[in-house]
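These are the residues of each chain, in order.
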Amino acid sequence: MADEYALDLEELRQLQSIAKRPRVVSLITSEIRNLEKLSKDAVTAHASQTSEPISTQARVPSTPALNYVTLASFSWDQDSEKVKIYLSLEGADQEKIESEFKAMSFDLKIHDVQGKNYRFSIPKLNKEIVPEKSKVIIKPTRITVTLFKASKGNWLDLQFKEDKLKPSVDKDKDPMAGIMDLMKNMYEEGDDEMKKTIAKAWTDARSGKTADPLKGYR
């Protein structure tokens, strides 16, 4: 697989050197970056499979994983500086909570509440917070999580939501499919000279290996 990536990169760099239109150059450069990352990941994965270290340490019995009940119901409000999240739970103990705040997420674990463990987390917040200022306050029937915003302003939602208008990147997509799409776009948008150059480079490099990606565009 790594060899295939190297061949693809070599071909794309050749096309980059002859491309003239800014949009075409940008498309090729973006695809080169993607393939460079995939190639690096493939080499790393291969190295880890072939050189796995043998552990000589004594095996220590693992501690059984704790089971948690997810707190799915909550409410929240905000002002320009902070966000407050309210969780309804009776009998929690301040000494038996475990909280982890990060810039874009937080995780709260509440242990031993009438024999059960509870958990509430937001894996990706709407915007960044200040972890060292954020806190959890336990009250008899409620838990309040206070998140201090890294920058003042209004949050449209508590959790981050992807922009549906932004094109998604499919990590599992065959990289060759991406190159084929790129070549088609370049062929459609290029002038006559660019079309001839792309067609020749593609035919020379891929002859007998894959179907012609420019079929139907000539």
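Since this is a predicted model, take the numbers as computed values, not measurements.

## Quick look at the nonpolar core
Within the largest apolar cluster, 24 residues are counted, with the highest numbers of intra-cluster contacts made by Ile85, Phe106, Leu108, Ile110, Ile143, Val145 and Leu147. Take this core: its biggest share by element is 4 residues, from strand β5 (residues 105-113). One finds Ala19, Val24, Ile32 and Met194 within the second-largest nonpolar core, a separate group that totals 13 residues.

## Some remarks on the sheet that holds strand β3 (residues 82-88)
On the basis of which strands lie adjacent, the open sheet formed by 4 strands has the order β2-β3-β8-β7 and antiparallel pairing. With partners counted over all chains shown, the strands left at the sheet margins are β2 (75-78) and β7 (135-139), one partner each. Neighbour to neighbour, the strand axes of the sheet diverge by 20 degrees on average, direction disregarded. Pairing of β7 with strand β8 (residues 142-148), which is carried by 5 bridges, proceeds in the antiparallel orientation. Following the sheet pairing, Lys139 is matched in β8 by Arg142.

## Some remarks on unusual backbone geometry
With phi around 55 degrees, Asp112 is a residue other than glycine that occupies positive phi space. Inspection of the secondary structure puts Asp112 in strand β5. We classify Asp112 as partly exposed; its relative accessible area is 43%. We note that Gln114 has phi near 55 degrees; this positive angle belongs to a residue other than glycine.

## Comments concerning the pairing of strand β6 (residues 116-122)
Relative to β6, strand β1 (residues 69-70) runs parallel, the two sharing 2 bridges. Note that in β6 the partner of Thr70 across the bridge is Arg119. Judged from the 6 bridges that link them, β5 and β6 form a sheet pairing that is antiparallel. Within β6, the position partnered with Phe106 by the bridge is Ile122. Hairpin connection between β5 and β6: a loop of 2 residues separates the two successive antiparallel strands, and Gln114 in this loop has a positive phi of roughly 55 degrees.

## What about the sheet that holds β5?
Strands sit in the order β1-β6-β5-β4 across an open sheet of 4 strands; the sheet is mixed. Pairing within the sheet leaves two strands with one partner each, and these edge strands are β1 and β4 (97-102). Taken together, the 6 bridges between β4 and β5 define a ladder with antiparallel strand orientation. Bridged to Phe101 within β5 is Phe106.

## Comments concerning the packing of aromatic side chains
A full pass over the atoms with the stated rule returns 3 aromatic pairs. Residues Phe101 and Phe106 carry aromatic rings whose centres are separated by 5.9 Å and whose planes lie at 25 degrees to one another, so their mutual orientation is stacked. For the pair formed by Phe101 and Phe106, the shared burial category is buried. Taking 5.9 Å as the distance between ring centres and 45 degrees as the angle between the ring planes, the aromatic pair formed by Phe106 and Phe120 counts as tilted. Highlighted residues: Phe106 in strand β5 and Phe120 in strand β6, separated in sequence by 14 residues. Across the pair, exposure class does not vary: Phe106 and Phe120 are buried alike. Through pairs of rings, three or more aromatic residues link up here, namely Phe74, Phe101, Phe106 and Phe120.

## Description of the pattern of salt bridges
Summed over the entire model, instances satisfying the criterion amount to 7 salt bridges. Of the charged contacts, one joins Arg119 and Asp107 as a salt bridge, the two residues approaching to 2.6 Å between their closest N and O atoms. Here the residue Arg119 occupies a position in strand β6, and Asp107 occupies one in strand β5, the gap between them amounting to 12 residues. Since its relative accessible area comes to 13%, Asp107 is described here as buried.

Rules used in this analysis
Residues numbered from 1 in each chain as written. Predicted model: local features only at pLDDT ≥ 70, side-chain atom pairs only at ≥ 80, totals over all residues. Heavy atoms only, no water. Core = buried A, V, L, I, M, F, W, Y, C linked by side-chain atoms within 4.5 Å. Buried < 20%, exposed > 50% of the residue type's maximum accessible area, 1.4 Å probe, protein only. Helix = DSSP H or I, 4+ residues; strand = E, 2+ residues; numbered from the N terminus. Pairing = 2+ DSSP bridges. Axes fitted to C-alpha atoms, helices over the stretch in contact; angles between N-to-C directions. Phe/Tyr/Trp six-rings, centres within 6.5 Å; stacked < 30°, edge-to-face > 60°. Salt bridge = Lys/Arg side-chain N within 4 Å of Asp/Glu carboxyl O.

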